[in-house]
Amino acid sequence: MEGNDKRKDHREISYQVGWKKGKIQWNEGATDALRAHKSNQEDGEMERKSLQVLWFPAMKLPHVMILPLLYALPVISFGCTLLLIYGLRQH
């Protein structure tokens, strides 16, 4: 009976997808890899939630302030760039 149990655990599955043929073998370490993959997914979800926390305060601004801020940011960025270029020319 032990021979049959052992044979079932290590059986190969053959497949064919279009012109490609292959065999799949039982991998004992697959469950560990699957657990690691699930923990990586949970880490990604935590990262996504932390990014939502970073962007959340911008949503609290009143709508009246968002539009002027949107137009002012490129002007401020351009001014900072000119200031940096001027500082580099002096040295």
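Note that this is a predicted model, so its numbers are computed, not measured.

Draft legend 1. Region of interest: the overall build of the chain. Assigned secondary structure in the chain consists of 3 helices and 2 strands. The N-to-C order of helical and strand elements in the chain reads α-β-β-α-α. Residues classed as buried in the chain amount to 1% of the 91 residues present. Carbon together with sulfur atoms contributes 63% to the accessible area of the chain, which is approximately 9,400 Å² in total.

Draft legend 2. Summary view of the confidence of the model for the chain. Of all residues in the chain, 60% have pLDDT values of 70 or greater, and the mean over the chain is 76. Looking across the chain, the model is least confident in helix α1 (residues 2–9), with a mean pLDDT of 54, and most confident in helix α3 (residues 63–90), with 93.

Draft legend 3. Just a nonpolar patch on the surface, in detail. A cluster of nonpolar side chains, namely Ile-13, Tyr-15, Val-17 and Ile-24, defines an oily patch on the protein surface of about 360 Å² accessible area. The biggest single contributor to the nonpolar patch is strand β1 (residues 13–17), with 3 residues. Tracing the chain through its elements places Tyr-15 in strand β1.

Draft legend 4. Up close: the environment of Ile-24. Within the secondary structure, Ile-24 is located in strand β2 (residues 20–24). Overall, the relative accessible area of 45% leaves Ile-24 in the partly exposed class. Residues Ile-24 and Arg-11, 13 residues apart in the sequence, show an inter-C-alpha distance of 8.7 Å. When sequence neighbours within four positions are dropped, the list of residues in contact with Ile-24 reads Arg-11, Glu-12, Ile-13 and Tyr-15.

Draft legend 5. Looking closely at the pairing of β1. By the criterion of burial, β1 is predominantly exposed, with just 0 of the 5 residues buried. Here β1 runs beside β2; their pairing, made up of 5 bridges, is antiparallel. Residue pairing for β2: Gln-16 is matched across the bridge by Lys-21. Hairpin connection from β1 to β2: 2 residues lie between these consecutive antiparallel strands, with Gly-18 at a positive phi of about 65°.

Scoring rules and cut-offs
Residues numbered from 1 in each chain as written. Predicted model: local features only at pLDDT ≥ 70, side-chain atom pairs only at ≥ 80, totals over all residues. Heavy atoms only, no water. Helix = DSSP H or I, 4+ residues; strand = E, 2+ residues; numbered from the N terminus. Buried < 20%, exposed > 50% of the residue type's maximum accessible area, 1.4 Å probe, protein only. Areas by Shrake-Rupley, 256 points an atom, 1.4 Å probe, with all protein chains shown as cover. pLDDT = per-residue confidence, 0-100. Patch = residues over 30% accessible without salt bridge, like charges linked within 9 Å, V, L, I, M, F, W, Y side chains within 5 Å. Salt bridge = Lys/Arg side-chain N within 4 Å of Asp/Glu carboxyl O. Contact = heavy atoms within 4.5 Å. Pairing = 2+ DSSP bridges.

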